[in-house]
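# A look at the structure
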Amino acid sequence: MVSGVYEEGVDVMSKIVITGGAGFIGSHIAESCVEDGHELEIIDNLDDYYSLELKKKNIDCALKSGMARFVHGDVTDLDFLRTVIDKDVDYVFHEAAQAGVRISVDNPFKPNNVNVLGTMNVLQVSLEADVERVINASSSSVYGKVEYLPFDEMHPTQPVSPYGVSKLAAEHYCRVFYEVYGLPTVSLRYFTVYGPRMRPDLAISIFTGKMLNDEPITIFGDGSQTRDFTYIDDIVAMNMRLLDTNRADGAVMNIGSGDRISVNDLAKNLKEIIGSSSEISYAETQRGDAKHTLADVGLAKELIGYEPSVGIEEGLERFVAWYKEILE
Ligand SMILES: NC(=O)c1ccc[n+]([C@@H]2O[C@H](COP(=O)([O-])OP(=O)(O)OC[C@H]3O[C@@H](n4cnc5c(N)ncnc54)[C@H](O)[C@@H]3O)[C@@H](O)[C@H]2O)c1
């Protein structure tokens, strides 16, 4: 529980559904929910976008508590969702998605189906069930073309990938379900999230795995592109805070670190932390990749008291320590 103005509407114990709860971010939110004593239903279709072994381990963390139940199912299936999101459910964290910019360039239909239709289904069923709030995972990918930095929420949204388009459509549906139908929703625009159990398709994870074996790494583009990397703990904390306040209902807000680093510097930092002799080579820029991201987190600060707490150096140290531990 957080203090001060955020205490309005606090539930001591709630029934929560997390879609995509076997994934990276969803599984961390799941653990936080059970630690706080909430009853939890984890929905996931165990999509094979990456290793099912990793996803099964992710769910185990929450299931061990005895407070969580895993339900295998698909957010694109409205009838299935109705069997889980019922009148007993207080809050829904909607994390299920076909994540990943590059896969969306290869197959734009899948992210559209999962991220747009899936989100509509979650909203519709949550409305029918009188859920108190749906907290939707959106993305910095909605910004796309940079007109100025940092991105505040008024920055134009011109996604440069099908994934970004799908996340933008999904957050508009969240806002419209609030404004038109009265379902409280909040969308959090996450800026590249990293930390233990992170998705294996993301640069920090790929670089770390290779650098620990002194294998060469490849940077797409010239490495001058910059990213705002957000440590998982900050993402989880802001999701949990939204259980305790209605101050952000209907809002869309950035959750980033408020700082950025070039991919070249990221690789350099990781090499130093790991003590690796990996060679770095460069390849053509990938289609759909944004040039820069950087969050203005002023709105989240104002509405829900957000203060990013883990900087990139500390975050990378923690991630590498975790990665080495799981190899042992
Ligand atoms: N990781 C990041 O850097 C980042 C940045 C911005 C936004 N996001 C968003 O955060 C959310 C979580 O991302 P993540 O990195 O944990 O990804 P992830 O792939 O680890 O987790 C997503 C989970 O959703 C599940 N899923 C996929 N399709 C589904 C379907 N049709 N029905 C039910 N479950 C389904 C997957 O099996 C997976 O376990 C996503 O909405 C993503 O778009 C992530």
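Predicted model, so just to flag it, every value in this text is computed and none were measured.

Right, let's get into the packing of helix α5 (residues 109-128) against helix α6 (residues 162-181). Across the interface, α5 lies against α6 with an axial gap of 8 Å and an inter-helix angle of 15 degrees. Between α5 and α6, the crossing angle belongs to the class labelled roughly parallel. In the crossing of α5 with α6, the sense of the turn from one axis to the other is right-handed. Here Pro111, Asn112, Asn115, Val116, Thr119, Met120, Leu123, Gln124 and Leu127 of α5 come into contact with α6, specifically with Tyr163, Ser166, Lys167, Ala169, Ala170, Tyr173, Cys174, Phe177 and Tyr181. Here the residues of the contact of α5 with α6 sort into 12 nonpolar, 5 polar and 1 charged.

Closest axis-to-axis distance for the helix α1 (residues 24-35)/helix α8 (residues 232-241) pair is 10 Å, and the angle between their directions is 55 degrees. Considering their axes alone, α1 and α8 lie oblique with respect to each other. Here the hand of the crossing between α1 and α8 comes out right-handed. Note on element contacts: α8 touches α1 through Ile232, Ile235, Val236, Asn239 and Met240, opposite Phe24, Ile25, His28, Ile29, Ser32 and Cys33. Residues that form the contact of α1 with α8 fall into these classes: 8 nonpolar, 3 polar and no charged.

Before going further, it helps to spend a moment on the site of the ligand. Not every one of the 28 residues close to the ligand is listed here, only the nearest: Ile25, Asp44, Tyr50, Tyr163 and Val193. Backbone polar atom of Ile25 to an oxygen atom of the ligand: 2.8 Å apart, as the coordinates give it. Here a nitrogen atom of the ligand and a backbone polar atom of Asn45 are 3.3 Å apart. Relative to its unbound accessible area of 830 Å², the ligand is 97% covered by the protein chains. When residues of the shell around the ligand are traced back to their parent elements, those giving at least two are α1, β5 (133-139) and α6. When residues of the shell around the ligand are assigned to their parent elements, the largest contribution, 3 residues, is made by β5. Of the residues that constitute the shell around the ligand, the class distribution is 14 nonpolar, 7 polar and 7 charged.

For the peptide bond that leads from Leu149 to Pro150, omega is -5 degrees, which places it in the cis range. Along the polypeptide, Pro150 turns up in the loop between β5 and α6. In the Ramachandran plot, Leu46 falls in the positive-phi region, its phi being about 50 degrees despite a non-glycine side chain. As for its position among the elements, Leu46 is in the loop between β2 (39-44) and α2 (52-63). A relative accessible area of 17% means that Leu46 is categorised as buried. Even without being a glycine, Asp214 presents a positive backbone phi close to 55 degrees. For Asp214, the position within the fold is in the loop between α7 (203-211) and β8 (217-220).

Below, the discussion takes up the nonpolar core. One finds Ile29, Leu40, Phe93, Phe207 and Met253 to be the most contacted residues of the largest nonpolar core, which totals 68 residues. The dominant element in this core, judged by the number of residues it contributes, is α1, at 6 residues. With residues up to four places along the chain from it excluded, the contact list for Phe207 reads Ile217, Thr218, Ile219, Val263, Leu266, Ala267 and Leu270. In terms of nonpolar packing, the next biggest core, distinct from the first, is built from 21 residues, Val17, Ile43, Val71 and Cys174 among them.

The full count for this structure, using the stated rule, is 15 salt bridges. As a salt-bridge pair, Lys15 and Glu41 come within 3.3 Å of each other at their nearest N and O atoms. On the criterion of sequence distance, the pair formed by Lys15 in strand β1 (residues 15-19) and Glu41 in strand β2 is long-range, its members being 26 residues apart. Here Lys15 and Glu41 have matching classes, each one buried. Close ionic contact of Asp79 with Arg82 constitutes a salt bridge, the shortest N to O distance being 3.2 Å. Taken as a pair, Asp79 and Arg82 lie in helix α3 (residues 78-84) at a separation of 3 residues, close to a single helical turn. You can call Asp79 exposed: its relative accessible area is 53%. Under the relative-accessibility criterion, Arg82 is labelled partly exposed at 34%.

Our next topic: the packing of aromatic side chains. Any pair of aromatic rings gets described here by the distance separating the centres and the angle formed by the planes. Tallied over the full model, the rule gives 9 aromatic pairs. Here Tyr143 and Phe151 contribute two aromatic rings whose centre-to-centre distance is 4.4 Å and whose plane-to-plane angle is 15 degrees, an arrangement assigned as stacked. Residues Tyr143 and Phe151 agree in their burial class; the two are buried. With 6.2 Å between their ring centres and 90 degrees between their planes, Trp322 and Tyr323 make a pair best called edge-to-face. Chaining the aromatic ring pairs together yields one cluster made of Tyr143, Phe151 and Phe191. Above the plane of the ring of Tyr50 lies Lys55, whose end atom (NZ or CZ) is 4.6 Å from the centre.

The rules we used
- Residues numbered from 1 in each chain as written.
- Predicted model: local features only at pLDDT ≥ 70, side-chain atom pairs only at ≥ 80, totals over all residues.
- Heavy atoms only, no water.
- Axes fitted to C-alpha atoms, helices over the stretch in contact; angles between N-to-C directions.
- Helix = DSSP H or I, 4+ residues; strand = E, 2+ residues; numbered from the N terminus.
- Parallel < 35°, antiparallel > 145°, perpendicular 65-115°, else oblique.
- Left-handed = near helix turned anticlockwise from the far one by under 90°.
- Contact = heavy atoms within 4.5 Å.
- Nonpolar A, V, L, I, M, F, W, Y, C, P; charged D, E, K, R; others polar.
- Near = heavy atom within 4 Å.
- Polar contact = N/O pair within 3.5 Å; in protein donor to acceptor, adjacent residues only side chain to side chain.
- Areas by Shrake-Rupley, 256 points an atom, 1.4 Å probe, with all protein chains shown as cover.
- Buried < 20%, exposed > 50% of the residue type's maximum accessible area, 1.4 Å probe, protein only.
- Core = buried A, V, L, I, M, F, W, Y, C linked by side-chain atoms within 4.5 Å.
- Salt bridge = Lys/Arg side-chain N within 4 Å of Asp/Glu carboxyl O.
- Phe/Tyr/Trp six-rings, centres within 6.5 Å; stacked < 30°, edge-to-face > 60°.
- Lys NZ or Arg CZ within 6 Å of the ring centre and 35° of its normal.

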